[in-house]
Amino acid sequence: MGAGGFSLRGGIRVVPKVGGGVRADSGWPMARLRADQDSIALREIWAGTLVITVDNLVAIRRCQNGLEFEVADRDELWMFRTLNVDRLITRLAALGWTAER
């Protein structure tokens, strides 16, 4: 994690982009988000790790109680759940990452 980065625990839900179902679903504190100016990494014991860079990012969207991450090189949507979504959006924005509100 580079200078100015941060780490946050939360929950995760991983779902296929098409076809329905859920590949992983766990609550706090089972998932971790690590972010710096170069990448965002989501990690959860059963889902594994998703690394997001400017090269593979499609979108960061606000969802009910977290953020949904879509990347070009995975056929899944990863939803990171946290109690304070606005604070997470602000912290990501300070690093140069834009989330759709």
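Here the structure is shown first, and the text comes after it.
Everything in this summary refers to the structure shown in the same document.

Conventions and cut-offs
- Residues numbered from 1 in each chain as written.
- Predicted model: local features only at pLDDT ≥ 70, side-chain atom pairs only at ≥ 80, totals over all residues.
- Heavy atoms only, no water.
- 1 Å grid on protein atoms, 1.4 Å probe; cavity = no way out; pocket = protein on both sides within 12 Å on 5 of 7 lines; lining within 4 Å.
- Points joined across faces, edges and corners; volume = space filled by probe spheres on them.
- Helix = DSSP H or I, 4+ residues; strand = E, 2+ residues; numbered from the N terminus.
- Nonpolar A, V, L, I, M, F, W, Y, C, P; charged D, E, K, R; others polar.
- Pairing = 2+ DSSP bridges.
- Buried < 20%, exposed > 50% of the residue type's maximum accessible area, 1.4 Å probe, protein only.
- Contact = heavy atoms within 4.5 Å.

1. Some thoughts on the layout of surface pockets
If you roll a probe as big as a water molecule over the atoms, it shows you where there is empty space left.
Then, number 1: Estimated volume of the largest pocket: approximately 210 Å³.
Then, number 2: Looking at the largest pocket, it is lined by 16 residues, and the ones nearest its centre are Arg9, Arg81, Thr82, Leu83 and Asn84.
Then, number 3: Where the lining of the largest pocket is concerned, the elements lending two or more residues are strand S1 (6-16), strand S2 (24-35) and helix H1 (85-94).
Then, number 4: By residue number, the principal contributor to the lining of the largest pocket is S1, which donates five residues.
Then, number 5: Tallied by class, residues from the lining of the largest pocket come to five nonpolar, seven polar and four charged.

2. Considerations on the pairing of strand S5 (residues 57-63)
Then, number 1: By the bridge criterion, six bridges tie S5 to strand S6 (residues 66-71) in an arrangement that is antiparallel. Residue pairing for S6: cysteine 63 is matched across the bridge by glycine 66.
Then, number 2: Hairpin connection, S5 to S6: the antiparallel pair is bridged by two residues.

3. Thoughts on the environment of glycine 10
Then, number 1: Its place among the elements puts glycine 10 in strand S1.
Then, number 2: Since its relative accessible area comes to 1%, glycine 10 is described here as buried.
Then, number 3: Through-space distance from the C-alpha of glycine 10 to that of serine 26 is 8.8 Å; in sequence the pair is 16 residues apart.
Then, number 4: When sequence neighbours within four positions are dropped, the list of residues in contact with glycine 10 reads Gly27, Trp28, Pro29, Met30, Ala31, Phe80 and Arg81.

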